[in-house]
Amino acid sequence: DTGVSQNPRHKITKRGQNVTFRCDPISEHNRLYWYRQTLGQGPEFLTYFQNEAQLEKSRLLSDRFSAERPKGSFSTLEIQRTEQGDSAMYLCASSFSSGTYYEQYFGPGTRLTVT
Amino acid sequence: DQQVKQNSPSLSVQEGRISILNCDYTNSMFDYFLWYKKYPAEGPTFLISISSIKDKNEDGRFTVFLNKSAKHLSLHIVPSQPGDSAVYFCAVINTGGFKTIFGAGTRLFVKA
């Protein structure tokens, strides 16, 4: 396993369209996180899964955003009716749930541009 | 509300000298303090951490210092190398927690 992967790496979409991103975590990690990063800022927490259960959602995650992690493996993040303000880098990370749980392994991110 | 602040957007250092990156936080209840490094087109990579019960942790060229009374964290890189040029994020997390709170980052330039 070579690390966390994310697809696509780049996505350009028109305002109002729906987009879906995929994250494949490190296989032995049972925690999965989604973050959003805008220019000049650090990653901002969006949501978190322990196995297949979504245990926390940030208030940054509006009703247009939905995340799933079926079977506790890969995860998808969908944004409906995209807006220009959704343009950002979307980062996925995974970690163990014990021991060095605080050390999160990040994927390369999906850069979303909404025109 | 910014719970983690990195007040220096950038820092330039000569190769071989010490780089000192600073971070301030507001909540004294945080348990772990972390530094991540990020190269362009890559996700952040965990670098080093320190528990709230310690005041120093060293890993090779990297040392993190924690001053709990001042709510201040710093990362020292000695000696600095051109390959250290990256964005460095300070971050905090609570024991057993999942939500990592990141600062805005400091871009380090190490000149050869």
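Refer to the structure presented above.
Residues numbered from 1 in each chain as written. Chains lettered and ligands numbered in written order. Predicted model: local features only at pLDDT ≥ 70, side-chain atom pairs only at ≥ 80, totals over all residues. Heavy atoms only, no water.

Student: Can you walk me through the interface of chain A and chain B in this structure?
Tutor: Between chain A and chain B, the residue contacts involve 20 residues of the former and 22 residues of the latter. The junction of chain A with chain B conceals about 1,700 Å² of combined surface from both sides, 60% of it contributed by carbon and sulfur atoms. Area buried by chain A at its contact with chain B is led by Tyr 101, Tyr 102 and Phe 106 of chain A, which between them contribute 34% of it. Taken together, the links from chain A to chain B amount to zero salt bridges. Linking chain A with chain B are six residue pairs in polar contact (both at pLDDT 80 or more). Breaking the side of chain A that touches chain B down by element, the ones donating at least two residues are β4 (31–37) and β5 (44–50) of chain A. (Contact = heavy atoms within 4.5 Å. Buried area = accessible area lost by both parts, 1.4 Å probe. Salt bridge = Lys/Arg side-chain N within 4 Å of Asp/Glu carboxyl O. Polar contact = N/O pair within 3.5 Å; in protein donor to acceptor, adjacent residues only side chain to side chain. Helix = DSSP H or I, 4+ residues; strand = E, 2+ residues; numbered from the N terminus.)

Student: Before we go on, may I ask you to explain the sheet that holds strand β3 (residues 19–25) of chain B in this structure?
Tutor: By definition, the strands of a sheet pair up through backbone hydrogen bonds, in either a parallel or an antiparallel sense. All names here are of chain B. Overall, antiparallel pairing links the five strands, which are arranged β1-β3-β8-β7-β6 in an open sheet. Looking along the sheet, the strands with just one partner apiece sit at the ends: β1 (4–5) and β6 (56–59). With six bridges joining them, β3 and strand β8 (residues 72–77) adopt antiparallel strand pairing. Across the sheet, Ile 20 pairs through a bridge with His 76, a residue of β8. (Pairing = 2+ DSSP bridges.)

Student: Sorry, what's going on with the packing of aromatic side chains here?
Tutor: For any two aromatic rings, the description comes down to two numbers: the centre-to-centre distance and the angle of the planes. Within this structure, the stated rule accounts for 17 aromatic pairs over all chains. Judged by centre distance (5.5 Å) and plane angle (40 degrees), the ring pair of Phe 21 of chain A and Tyr 90 of chain A falls under tilted. Of the two residues, Phe 21 of chain A is situated in strand β3 (residues 19–24) and Tyr 90 of chain A in strand β9 (residues 88–95); the sequence distance between them amounts to 69 residues. Ring geometry for Tyr 25 of chain B against Phe 33 of chain B: centres 4.7 Å apart, planes inclined by 45 degrees, an arrangement best described as tilted. Like Phe 33 of chain B, Tyr 25 of chain B is buried. (Phe/Tyr/Trp six-rings, centres within 6.5 Å; stacked < 30°, edge-to-face > 60°. Buried < 20%, exposed > 50% of the residue type's maximum accessible area, 1.4 Å probe, protein only.)

Student: Help me out: how do you make sense of the nonpolar core in this one?
Tutor: Within soluble globular proteins, side chains that are nonpolar tend to cluster in buried spots. In this structure, Phe 33, Trp 35, Leu 73, Leu 75 and Tyr 88 of chain B are the most contacted members of the largest nonpolar core, which totals 24 residues. Those elements that provide at least two residues to this core are β3, β4 (32–38), β5 (45–51), β7 (62–67), β8, β9 (86–93) and β11 (106–111) of chain B. With four residues, the top contributor of residues to this core is β9 of chain B. Leaving out residues up to four positions away in the same chain, Leu 73 of chain B has contacts with Leu 21, Asn 22, Cys 23, Phe 33, Leu 34, Trp 35, Ile 50, Val 64, Phe 65, Leu 66 and Cys 90 of chain B. Core analysis: the second largest hydrophobic core is formed by 19 residues, Phe 21, Phe 49, Leu 77 and Cys 92 of chain A among them. (Core = buried A, V, L, I, M, F, W, Y, C linked by side-chain atoms within 4.5 Å.)

Student: What is the right way to look at the pairing of β7 of chain B in this model?
Tutor: For a regular strand, the rule is simple: side chains alternate between the two faces of the sheet. Residues and elements named next belong to chain B. Inspection of the sheet shows β6 paired to β7 by four bridges, in the antiparallel sense. Looking across to β7, one finds that Lys 56 is bridged to Phe 65. Hairpin connection, β6 to β7: the antiparallel pair is bridged by two residues, and Gly 60 has positive phi, about 65 degrees. Two elements, β7 and β8, share six bridges in a ladder whose sense is antiparallel. Paired with Leu 66 across the strands is Leu 73, a residue of β8. If you look at the hairpin formed by β7 and β8, you'll find four residues sitting between the two strands, and Lys 71 has a positive phi there, around 50 degrees.

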